[in-house]
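Residue-level structural notes
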Amino acid sequence: MMRTRPLKVALLGCGVVGSEVARIMTTHAEDLAARIGAPVELAGVAVRRPSKVRAGIDPALITTDAMALVKRGDIDVVVEVIGGIEPARTLITTAFEHGASVVSANKALLAEDGTTLYEAAERHGRDLYFEAAVAGAIPLVRPLRESLAGDKVNRVLGIVNGTTNFILDRMDTAGSGYSEALDEATALGYAEADPTADVEGFDAAAKAAILAGIAFHTRVRLDDVHREGITEVTSADLASAQKMGCTVKLLAICERAADGLSVTARVHPAMIPLSHPLASVREAYNAVFVEAEAAGRLMFYGPGAGGAPTASAVLGDLVAVCRNKLADATGPGESAYTQLPVGAMGEVVTRYHISLDVADKPGVLAQVATVFAEHGVSIDTVRQKGRQDGDGEAALVVVTHRAPDAALSGTVEALRKLDTVRGVASIMRVEGE
Ligand code: HSE
C-alpha cells in the first residue's frame, strides 16, 4: 500500500551529478514512488552559487546553508554529492544526529575516514549507502556488501579510473604519446584541468581502499594503498607490452594473502594479456573482476563516471534507503570483523617486465642473470637486441616468474650498481595471467 506522506530528501551539491539526481527524481517521480511505496520529495538543495540557473529545480528549495538543511529534523535522506573531506564529513555526521540516513558519492571521504561515518551511522541507527563512490553506475558496493555476503572474496582486480584508461587506450591503439593522449582526454572532458588525482592514481587508490574494506571485511584506508600513477608510462612500454601479447592498464588490485592472514591493496600500471577480459575495456570505461571462493570469477563492466551514470547509482541507493526507512530498518553497516592487517607492497607476489639498457659485450647477460638469482627472482624469458647505431649498447628485456615485490626492488637496486647496466628503462608488473 502506498503511503501518501512523502519522504523528504535534502540534496547537498547540485553540480554534474546532483543536477541529474534532481532531474531523475522529478521525471521518474511516479516510478520511484511505486518502487519505494511512498512518494519522495526534494525538500532542499544546498549549493555554493545560488544565483546559477538550475532548470527544473524550484528556486525556493535552493539554500547556501547546508548545515541548517541537514539539521532541519524533517529530512529523511541526505544525498551528499559535494565531495571532499570537509564540510562533507561534518554535514553527514550531523545529518545522522538529526534523523536522516545518507547516500553519498564521496570516495575521498570514505577512503580517508569511512570509520567515522560508519560509527556515526550505527550510533544513530541510520543508513550509509555509497554505491556511486566507486565506478559510477557499475553495481559493485551492493554486490560485495550483499550479494556476496555469504561467499569469501579473495581478489578484486579492476580498472576503476576512466580518465587513465582513456589515455592508456589511446597510447595503445592510436600510438599517441602520454602528453598527446592526456591533451585529448582533457579536450573531451574526461581529464580535469588539474589531472593529478586521476593520472597519479589517487582517485583509483581511494576506490581500491573502499573495495578492499568491503571485500575483506576489514578496515583499509587510502594511506594503506600502494599507489603509482601513469605519468611515467611511455610509448616504449606499450610497444613492449604489444610484443608480449599484452596491453597496459592502470589496475586497482586488492588481494587476500595466500595464508589468509593479511590483505594488500595497490594501484599501479601493469601489463595484462590481451586474452584477459580487462584488456578489452576501452576508452573511459571501467571494469572490475571479483574472484570469490564459491562464485568463481565475476566481472562488472560499465561507465565509471559522468553525471547520469553516477546519478543512477545514487538513485538506486536512495530507493533502498527509503525502503529501509519505511520498514523502520537499516541496511548493512560497516563489516570490519576480520580485522586483517594490510600488508606492505614488498609482500605482494607478482611477475615483472624489466627493460634495461646494457653494455653489449661478453658476460653481461650472465652478470645480469646472477643478480636476479642472488635475490631469488627466477627469470622466465629474456629478449636482447643490439642497437643499430653500433654504440656498444643493447636493450635487454627480462620477464620474471612470480616473486615478492621486495625481492624485485632489491634486484633492481643491485642492477643499477652494475657498470654494465647503463640504465633501467622501465619496470612494469605483469598481472592477470
Ligand atoms: N575521474 C574519475 C575517472 C571519475 O576518470 O574515472 C570519478 O571518480
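Computed from a predicted model, the values in this text were never measured in an experiment.

As a further point, take the nonpolar core. Counting residues in hydrophobic clusters, the biggest one holds 80 residues, and the most contacted among them are Val78, Leu128, Phe130, Val153 and Ile167. The dominant element in this core, judged by the number of residues it contributes, is helix H10 (residues 202-216), at 11 residues. No fewer than three residues from each of domain 1 (7-135 + 308-326) and domain 2 (141-304) sit in this core. With near-sequence residues (within four places) excluded, valine 153 lies in contact with Leu144, Leu148, Ala215, Phe216, Arg256, Val290, Glu291 and Ala292. Among the nonpolar cores identified, the runner-up in size contains 34 residues, and Cys14, Val17, Val77 and Val321 belong to it.

Further remarks concern the site of the ligand. Around the ligand sit Lys107, Asn161, Gly162, Thr163, Asp198, Asp203, Lys207 and Ala305, and that is every residue in its neighbourhood. Separating an oxygen atom of the ligand from a side-chain N or O atom of threonine 163 is a distance of 2.5 Å. Residue lysine 207 places a side-chain N or O atom 2.8 Å away from an oxygen atom belonging to the ligand. Calculation on the ligand without its partners gives an accessible area of 260 Å², and the protein chains cover 82% of this total. Of the residues assigned to the shell around the ligand, the class counts are 1 nonpolar, 3 polar and 4 charged.

This part takes up helix H11 (residues 235-243). When H11 is considered as a whole, its buried residues turn out to be Asp237, Leu238, Ser240 and Ala241. Burial along H11 is one-sided: seen end-on, the buried residues are contained in an arc of 160°. Those residues of H11 hidden inside the fold are in contact with helix H7 (162-173), strand E9 (246-256), strand E10 (263-273), strand E13 (349-359), strand E14 (379-386) and strand E17 (421-430). Looking one or two residues beyond H11, the residue adopting positive phi is glycine 245, at roughly 75°.

Moving on, we come to the packing of helix H2 (residues 29-36) against helix H12 (residues 307-326). Where H2 contacts H12, the two axes come as close as 9 Å, and the packing angle between them is 45°. Comparing the axis directions of H2 and H12 gives the class oblique. Crossing of H2 against H12: the hand is right-handed. Listed contacts from H12 to Leu32, Arg35 and Ile36 of H2 are Leu315, Val319, Cys322, Arg323 and Leu326.

Buried accessible area, meaning the area lost when the parts come together, often serves as the stated size of an interface. As far as domains go, the chain holds domain 1 (7-135 + 308-326), domain 2 (141-304) and domain 3 (348-430). Placing the centre of domain 2 and that of domain 3 at their C-alpha centroids yields a distance of 26 Å. Contact between domain 2 and domain 3 buries roughly 1,000 Å² in total, counting both sides, with carbon and sulfur atoms accounting for 62%. When residues of domain 2 are sorted by the area they lose upon contact with domain 3, Met244, Arg266 and Met271 head the list and together hold 43% of the total. Joining domain 2 to domain 3, the criterion identifies 1 salt bridge.

So, about the side chain of glutamate 80. With respect to the helices, strands and loops of the structure, glutamate 80 is situated in strand E4 (residues 77-80). In this structure, glutamate 80 is buried with no salt-bridge partner, the nearest side chain bearing the opposite charge being lysine 107 at 10 Å. Among all residues touching glutamate 80, those that are not within four sequence positions of it are Leu12, Ala88, Ile92, Val103, Ser104, Ala105 and Asn106.

Taken as a whole and assessed by the stated rule, the structure comprises 3 aromatic pairs. Consider the rings of phenylalanine 166 and tyrosine 190, whose centres lie 4.8 Å apart with planes at 45°: the pair is tilted. One end of the pair, phenylalanine 166, is in helix H7; the other, tyrosine 190, is in the loop between helix H8 (178-187) and helix H9 (196-199), with 24 residues separating them in the sequence. Taking 5.3 Å as the distance between ring centres and 10° as the angle between the ring planes, the aromatic pair formed by tyrosine 285 and tyrosine 301 counts as stacked. Of the two residues, tyrosine 285 sits in strand E11 (residues 285-292) while tyrosine 301 sits in strand E12 (residues 296-303), which places them 16 residues apart along the sequence. The ring of tyrosine 129 carries arginine 145 above its face, with NZ or CZ at 5.4 Å from the centroid. Its end group placed over the ring of phenylalanine 202, arginine 227 keeps NZ or CZ at 3.7 Å from the ring centre.

Before going further, it helps to examine the environment of glycine 343. For glycine 343, the location among the structural elements is in the loop between H12 and E13. For the pair formed by glycine 343 and arginine 297, sequence separation is 46 residues and the distance between their alpha carbons is 24 Å. With sequence-adjacent residues up to four places away left out, glycine 343 is seen in contact with Val263 and Thr264.

The subject of this paragraph is the packing of helix H1 (residues 16-27) against H12. Two numbers describe how H1 lies on H12: the axes approach to 8 Å, and their chain directions differ by 60°. Compared by their axis directions, H1 and H12 come out oblique. Handedness of the crossing formed by H1 with H12: right-handed. For the pair H1 and H12, contact is made by Val16, Val17, Glu20, Val21, Ile24 and Met25 and by Gly307, Ala308, Thr310, Ala311, Val314, Leu315 and Leu318, respectively.

The next subject is the pattern of salt bridges. Pairs may arise between side chains of opposite charge once their charged atoms sit close together. Throughout the structure, instances matching the rule amount to 24 salt bridges. Here glutamate 20 ties to arginine 23 by a salt bridge, and the two come within 2.9 Å at their closest N and O atoms. Of the two residues, glutamate 20 and arginine 23 both sit in helix H1, 3 residues apart, roughly one turn of that helix. A salt bridge links glutamate 228 to arginine 429, with the shortest nitrogen-to-oxygen separation between them at 3.1 Å.

Relative to the 16 Å expected for 12 residues at 1.5 Å per residue, H7 spans 16 Å between its end C-alpha atoms, a close match to the ideal helical length. The buried count for H7 comes to 11 of 12 residues, which makes it a mostly enclosed element. Within H7, the full set of buried residues consists of Gly162, Thr163, Thr164, Asn165, Phe166, Ile167, Leu168, Asp169, Arg170, Met171 and Asp172. If you follow the buried residues of H7, they end up packed against strand E7 (153-159), H8, H9, H11, E9 and E11. Where H7 begins, the capping side chain belongs to asparagine 161, and its oxygen is found 3.3 Å from the backbone nitrogen of threonine 163. Backbone geometry just after H7 places glycine 175 at a positive phi near 70°.

Rules used throughout
Residues numbered from 1 in each chain as written. Predicted model: local features only at pLDDT ≥ 70, side-chain atom pairs only at ≥ 80, totals over all residues. Heavy atoms only, no water. Core = buried A, V, L, I, M, F, W, Y, C linked by side-chain atoms within 4.5 Å. Buried < 20%, exposed > 50% of the residue type's maximum accessible area, 1.4 Å probe, protein only. Helix = DSSP H or I, 4+ residues; strand = E, 2+ residues; numbered from the N terminus. Domains from an automatic or database assignment. Contact = heavy atoms within 4.5 Å. Near = heavy atom within 4 Å. Polar contact = N/O pair within 3.5 Å; in protein donor to acceptor, adjacent residues only side chain to side chain. Areas by Shrake-Rupley, 256 points an atom, 1.4 Å probe, with all protein chains shown as cover. Nonpolar A, V, L, I, M, F, W, Y, C, P; charged D, E, K, R; others polar. Arc of directions from axis to C-beta. Axes fitted to C-alpha atoms, helices over the stretch in contact; angles between N-to-C directions. Parallel < 35°, antiparallel > 145°, perpendicular 65-115°, else oblique. Left-handed = near helix turned anticlockwise from the far one by under 90°. Buried area = accessible area lost by both parts, 1.4 Å probe. Salt bridge = Lys/Arg side-chain N within 4 Å of Asp/Glu carboxyl O. Lys, Arg positive; Asp, Glu negative; His and termini not counted. Phe/Tyr/Trp six-rings, centres within 6.5 Å; stacked < 30°, edge-to-face > 60°. Lys NZ or Arg CZ within 6 Å of the ring centre and 35° of its normal. Expected span 1.5 Å × (residues − 1).

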